[in-house]
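Remarks on the overall topology
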Amino acid sequence: MSDNAEYVPPKVWTWDQESGGRFANINRPIAGATHDKDLPVGKHPLQLYSLATPNGVKVTIMLEELLALGHAGAEYDAWLINIGEGDQFSSGFVAANPNSKIPALMDHSTNPPTRVFESGSILMYLAEKFGEFLPEGGVARTECLSWLFWQMGSAPFLGGGFGHFYAYAPFKQEYPINRYAMEVKRQMDVLDRHLAGHRYMAGADYTIADMAIWPWYGGLAKGILYEAGEFLDVASYKHVNRWADEIAARPAAQRGRMVNRTFGALESQLRERHDAGDFDTKTQDKIEAAEGAK
Ligand SMILES: N[C@@H](CCC(=O)N[C@@H](CS)C(=O)NCC(=O)O)C(=O)O
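Residues numbered from 1 in each chain as written. Predicted model: local features only at pLDDT ≥ 70, side-chain atom pairs only at ≥ 80, totals over all residues.

So, on to the overall build of the protein. Scanning the protein for helices and strands turns up 10 helices and four strands. Scanning the protein from its N terminus toward the C terminus, one meets helices and strands in the order β-α-β-α-β-β-α-α-α-α-α-α-α-α. Whereas a compact globule of 294 residues would reach a radius of gyration of roughly 19 Å, the protein reaches 20 Å, a difference of no more than 12%. Across its three principal directions, the C-alpha atoms of the protein cover 60 × 50 × 45 Å. Once local pairs closer than 6 in sequence are excluded, the contacts in the protein between residues at least 24 apart make up 64%. (Helix = DSSP H or I, 4+ residues; strand = E, 2+ residues; numbered from the N terminus. Rg over C-alpha atoms; globule rule 2.2 N^0.38 Å. Contact = placed C-beta atoms within 7 Å.)

And the structure:
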């Protein structure tokens, strides 16, 4: 394959070649389980199966925010789903989320347990269950849900479009990078104009709309996502940067981004969380130091 070779699609697409790029090993054109394996179940009613990608972090931030408000019922076990290893294709995971993507939540406080998949649906479920971070009615609720769904529709252009072609594709091509850079900059401008006049996405209060948008667009604004800060001139989105910094300073956001994290500094990785105390004792630096001392 060369950058300039034109692709002539055959009459019928067949799965006879790797698409190439990072994640090529987990991409497949069929759904369903590849192997039989049950999901583990811990001691809390809420069981989260996830990974600290932006989509996963939305939910761990919400759970940590609920706990910070004193909702003991939001205690949770967070199990690591290693998508690079294909954990999302186990029979247990597919039963929790037929779409085989993290995050997935099982609520064992209902009988039978309730499965919830799609991060936006999980955020709404938790917001309604605990009566927090989603205004109860009126314009504020509508505004919150509009921005929540804006994220669900927009982020695939950032992740699957721009991020894929800029950072993960086997070689760089001008056409897709140009197309998606244009769209992502437009999206950042949408946010910047809105945040110029609003402290948070839905107005004066911090809501699930902020929790959904921040891991993606806050990460992009701070130059963390795809190391594309300079390329997209993210520093120019001043209001997005102000909002991103404000959320980054929240202790619950700091804890939430550590859960199910398998990359970055060892002290920032809490690969599985089963107890609030795990942040002090079970980060990867401490686990590896204890193993080294044996
Ligand atoms: N719309 C979904 C997107 C979830 C998603 O794309 N998850 C990715 C990780 S960020 C995943 O699990 N990928 C595994 C795969 O595609 O096999 C949501 O918001 O929950």
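So much for the structure itself; the text now carries on.
What follows concerns the environment of Asp205. Tracing the backbone shows Asp205 in the loop between α5 (174-197) and α6 (208-221). For Asp205, a count of 15 C-beta atoms within 10 Å corresponds to the partly exposed category. Along the primary structure Asp205 and Ala140 are separated by 65 residues, whereas in three dimensions their C-alpha atoms are 9.2 Å apart. (Buried ≥ 20, exposed ≤ 12 C-beta atoms within 10 Å, placed from the backbone.)

We now examine the packing of helix α4 (residues 138-168) against α5. Closest axis-to-axis distance for the α4/α5 pair is 9 Å, and the angle between their directions is 145 degrees. Read as a crossing pair, α4 and α5 show a hand that is left-handed. In this structure, α4 uses Ser154, Phe157, Leu158, Gly161, Phe162, Phe165 and Tyr166 to contact α5, whose residues at the interface are Pro176, Ile177, Tyr180, Ala181, Glu183, Val184 and Gln187. When its residues are assigned to classes, the contact of α4 with α5 shows 10 nonpolar, three polar and one charged. (Axes fitted to C-alpha atoms, helices over the stretch in contact; angles between N-to-C directions. Left-handed = near helix turned anticlockwise from the far one by under 90°. Nonpolar A, V, L, I, M, F, W, Y, C, P; charged D, E, K, R; others polar.)

Let's shift gears to the domain arrangement of the protein. The assigned domain composition of the protein is domain 1 (46-130) and domain 2 (138-255). Summarising the inter-unit geometry, the C-alpha centres of domain 1 and domain 2 are found 22 Å apart. Every contact between the two is made by 13 residues of domain 1 and, on the other side, 13 residues of domain 2. If you list the elements that add at least two residues to the side of domain 1 that touches domain 2, you get α1 (54-68) and α3 (119-130). If one sorts the elements of the side of domain 1 that touches domain 2 by residue count, α1 sits on top with eight residues. A class-by-class count of the residues in the side of domain 1 that touches domain 2 yields eight nonpolar, two polar and three charged. (Domains from an automatic or database assignment.)

Close to the ligand lie Ile26, Thr53, Asn55, Ile83, Gln88, Ser100, Lys101, Ile102, Pro103, Glu118 and Ser119. For the shell around the ligand, a count of residues per class yields four nonpolar, five polar and two charged. (Near = placed C-beta within 6 Å.)

Met62, Leu123, Ile208, Ala209, Tyr217 and Val240 are the most contacted members of the largest nonpolar core, which has 69 residues in total. The element that contributes the greatest number of residues to this core is α6, accounting for 10 residues. Structurally, this core is a two-domain feature, drawing no fewer than three residues from each of domain 1 (46-130) and domain 2 (138-255). (Core = buried A, V, L, I, M, F, W, Y, C linked by C-beta atoms within 7 Å.)

Attention now moves to the pairing of strand β4 (residues 114-117). Pairing of strand β3 (residues 104-107) with β4 involves four bridges; the strand directions are antiparallel. The residue of β4 that forms the bridge with Ala104 is Phe117. Counting the residues that bridge the hairpin from β3 to β4 gives six residues. (Pairing = 2+ DSSP bridges.)

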